[in-house]
Amino acid sequence: MIRITKFIARHLLLTTLLAIVLLAVLLSAARILTPGLLSGYAEHIAALASERLDQPVSIGSVTARWHGIGPVLVLHEVALGSSDPEAPSLTLDEISVDFGLADMLVSGYLAPGRITVSGTRLIVTRHSDGNLSLRGVRGNRGADISHLLLIPARIRLQRAHVEWIDEFRGRPPVFLENVDLMIRNDRERHQVDADLSLAGHPVRLRADLRGTDVSELGSWSGEIYLSTRDLPLADALGAEIPQPYGLRSGRSDLELWATWASGRMQSLSGHIQINSLELTGAGDSAFGVDAMGGQFEWRRTGNGWHFDMSDTVWRRAHMDRPFGHIGVSVAHTGTTAETIRIESDHLALEDMAGLLALGVPGKTLINELLNTRPAGEIHELLVALRPNQGTFSISGDARGLEMMAYGRLPMIRNASGRFHATANGGSLSLATSDAIVHPVRMFRWPIPVDRLAGTLRWERHKGSWRLETDDLEARNPHIRTRTRMQLELRPGKRPFLDLQTDFRDGIATYAPFYYPVNVMKPGLLAWLDRSIADGRIPWGSAIV
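In every chain, residue numbers begin from 1 and rise along the written sequence. In keeping with the model being predicted, local features are shown solely for residues with a pLDDT of at least 70 and side-chain atom pairs are shown and tallied solely at 80 or more, while totals for entire chains, interfaces and linings include all residues. Side-chain measures were taken over the full set of non-hydrogen atoms in the model, leaving aside hydrogen atoms and water.

**As for the overall build of the protein chain**
Move 1: Starting at the N terminus, helices and strands are each numbered in turn, a helix being any DSSP run of H or I of at least four residues and a strand any DSSP run of E of at least two. Across its full length, the protein chain holds seven helices and 28 strands.
Move 2: Per-residue burial for the protein chain yields a buried fraction of 39% across its 544 residues.
Move 3: Whether two residues touch is decided by their heavy atoms; if any such pair falls within 4.5 Å, the residues are in contact. Of the contacts made within the protein chain by residues no fewer than 6 positions apart, 48% connect residues no fewer than 24 positions apart.
Move 4: Calculation of accessible area relied on Shrake-Rupley with a 1.4 Å probe; when residues are assessed, cover is drawn exclusively from the protein chains displayed. In the form shown here, the protein chain has an accessible surface area of approximately 30900 Å², with 58% of it arising from carbon and sulfur atoms. Here's how the labels work: a residue is buried when its accessible area is under 20% of the maximum for its type, exposed when over 50%, partly exposed in between, all with a 1.4 Å probe on protein chains only.

**What to know about the environment of L198**
Move 1: Relative to the assigned elements, L198 resides in strand β9 (residues 189-198).
Move 2: A residue is classified by how much of its surface remains accessible, and L198, at 18% relative accessible area, is buried.
Move 3: Residues L198 and N178, 20 residues apart in the sequence, show an inter-C-alpha distance of 9.0 Å.
Move 4: Among residues more than four places away in sequence, those in contact with L198 are V174, F175, L176, V203, L231 and A236.

**Focus on the pairing of strand β23 (residues 425-438)**
Move 1: Pairing between strands is defined by DSSP: at least two bridges between them are needed. Alignment of strand β22 (residues 411-422) against β23, held across nine bridges, turns out to be antiparallel. Its bridge partner being in β23, M411 is matched across the sheet by H438.
Move 2: As consecutive antiparallel partners, β22 and β23 are separated by two residues.
Move 3: Here β23 pairs with strand β24 (residues 447-461) via twelve bridges, running antiparallel. Paired with L428 across the two strands is L456, which belongs to β24.

**Observations concerning the packing of aromatic side chains**
Move 1: Any two rings among Phe, Tyr and Trp, with Trp reduced to its six-membered ring, count as a pair given centres within 6.5 Å; such a pair is stacked if its planes are under 30 degrees apart, edge-to-face if over 60, and tilted if neither. Counted under the stated rule, the structure contains seven aromatic pairs.
Move 2: Ring geometry for F513 and Y514: centres 6.4 Å apart, planes at 45°, overall tilted.
Move 3: Overall, the relative accessible area of 26% leaves Y514 in the partly exposed class.

**With respect to the environment of A353**
Move 1: In this fold, A353 is placed in helix α5 (residues 349-356).
Move 2: Put simply, A353 and L370 are 17 residues apart on the chain and 6.2 Å apart in space, counted from C-alpha to C-alpha.

**Observations concerning the nonpolar core**
Move 1: For this analysis, a nonpolar core means a set of buried residues of the types Ala, Val, Leu, Ile, Met, Phe, Trp, Tyr and Cys, connected via side-chain atoms within 4.5 Å. One finds M352, I378, L381, I394, F419, L430 and L497 to be the most contacted residues of the largest nonpolar core, which totals 40 residues.
Move 2: Ranked by size, the runner-up nonpolar core spans 29 residues in total, among them A42, V57, V124 and A236.

**Looking at the side chain of D351**
Move 1: Inspection of the secondary structure puts D351 in helix α5.
Move 2: Polar contacts involving the side chain of D351 include one to the side chain of R316, which spans 3.0 Å.
Move 3: Those residues within four positions of D351 in sequence are excluded, and the remaining contacts are F287, W314, R316 and R321. Under this definition, polar contacts are N or O atom pairs within 3.5 Å; protein pairs additionally need one hydrogen-donor-capable and one acceptor-capable atom, and for neighbouring residues in sequence, both atoms have to be side-chain atoms.

**Here we look at the pattern of salt bridges**
If the charged atoms of two oppositely charged side chains come close together, the side chains can form a pair.
Move 1: Any Lys or Arg side-chain nitrogen found within 4 Å of a carboxyl oxygen on Asp or Glu counts as a salt bridge. With the rule as written, the count across this model stands at 25 salt bridges.
Move 2: Taking the shortest distance from any N to any O, the salt bridge between R210 and D208 comes out at 3.9 Å.
Move 3: For D308, the salt bridge is made with R299, and the minimal N-O distance between the two is 3.6 Å.
Move 4: Each of the salt bridges in this network shares a partner with another, and the network as a whole consists of R184, D193, D195, R204 and R206.

What follows is the structure, encoded as structure tokens:
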């Protein structure tokens with residue numbers, strides 16, 4: 001039994017060694033013979049390709065080599081001809097097709113394991129029905145190439161320039177330079193590695209996707225990673241900004257992770273840093289930011305999307321500014337932004353005013369307020385815009401508010417209060433201390449304010465503006481007052497003022513601060529200035 005075992009083992013070893021030697025000889029012979037056998041087949045392969053594509057195909061030459069234990073077929077100077085001026089010729093410097101010998105032995109047929117296309121300029125279109133076409137390949141508008149991306153186990157595109165036309169989303173063309181793309185297919189799983197140049201700057205893309213038909217992206221899902229450095233935003237994203245807004249300049253470092261499902265992007269998250277950003281709006285308005293950045297998250301909602309940003313860095317006019325969490329929501333009707341909602345827990349009023357100046361529709365009170373160069377901080381900000389209807393609303397908590405006098409609006413220093421405003425009116429609930437107010441068209445000098453509390457309301461009515469308060473309490477070293485007021489500003493007419501003030505603990509020396517000089521006759525004003533020199537006012541009332 002031992003002899004038989006040794007005999008079988010010895011002969012089995014010899015047989016195995018002989019098989020290895022024969023395989024090595026066959027592979028060596030194949031490496032030597034394959035280039036010679038295929039060198040004259042360029043025209044034959046071109047004829048087969050022409051028949052399959054139903055258009056002229058020419059191949060400059062065909063060579064072959066062996067890579068590992070499998071052959072590699074190389075087609076040089078490939079051109080797809082066309083008589084259609086709207087679908088010009090497509091040229092490719094080289095196409096390499098790798099065949100896996102091991103896969104052939106297992107499956108029983110010869111199939112490409114990897115296809116590499118080198119040196120070409122491609123125009124790829126995603127049509128309104130979701131199909132992909134390649135310009136230069138014959139068809140009514142090109143040929144649907146979706147299925148070709150999933151045939152071999154690996155597809156590589158290198159040294160390529162790609163123009164991407166997205167008719168599905170109605171966007172301007174995107175130009176990708178120096179594209180090096182690898183697609184690895186494993187049944188329903190498809191991994192993508194891409195390095196390219198967008199607007200002259202490097203972009204890295206990695207994706208792990210699942211799906212069976214590229215022409216039906218609605219059934220696909222997966223995860224995507226993207227990073228870029230110093231990307232010029234105006235060149236890369238300027239066309240994405242809805243009118244009348246624009247993106248004039250800005251450079252960005254970006255790293256993001258995304259999820260894809262139901263044929264659409266569902267969420268984005270990551271970190272962004274933007275430098276030298278300049279936005280434009282209606283007319284010649286503009287808004288600039290030296291630097292901004294932070295962690296962000298974007299997610300799709302039922303009829304739009306929502307964006308959040310935290311850990312924010314914000315630098316404007318060479319100064320670091322307070323800027324907490326910010327959220328932006330957009331609701332769409334079709335492809336149009338129906339409602340834009342902006343939230344922030346901490347924002348500099350100068351920045352908010354600059355953003356509003358980009359697109360507040362019409363000549364509203366907000367436009368007048370912007371001319372006062374407002375400053376201070378806004379907490380719990382909420383802005384809602386309806387671009388198609390030309391309406392908006394704004395609310396928040398103002399602290400340390402300052403504004404210059406402009407037109408009929410007063411000068412204010414260090415005021416605080418909660419506000420709400422629309423294109424047709426609003427309110428301001430004051431809770432102010434240690435402030436200064438100067439209605440320059442009403443009083444001669446600034447008035448110090450130790451305390452100011454109450455609610456002011458304004459509204460537009462038949463072309464006029466009405467400002468009123470039912471109970472406004474004020475206190476300073478001069479006097480204490482409680483006021484009811486209604487002021488109407490009417491185009492082409494003198495303002496109408498209905499005012500009643502109850503006062504106490506007044507010091508007569510300061511009476512000239514409170515004379516309404518714009519409605520008093522000069523003689524009466526001069527007489528009051530001469531007549532009241534000193535004294536105290538325990539209590540009293542005034543009606544104007």
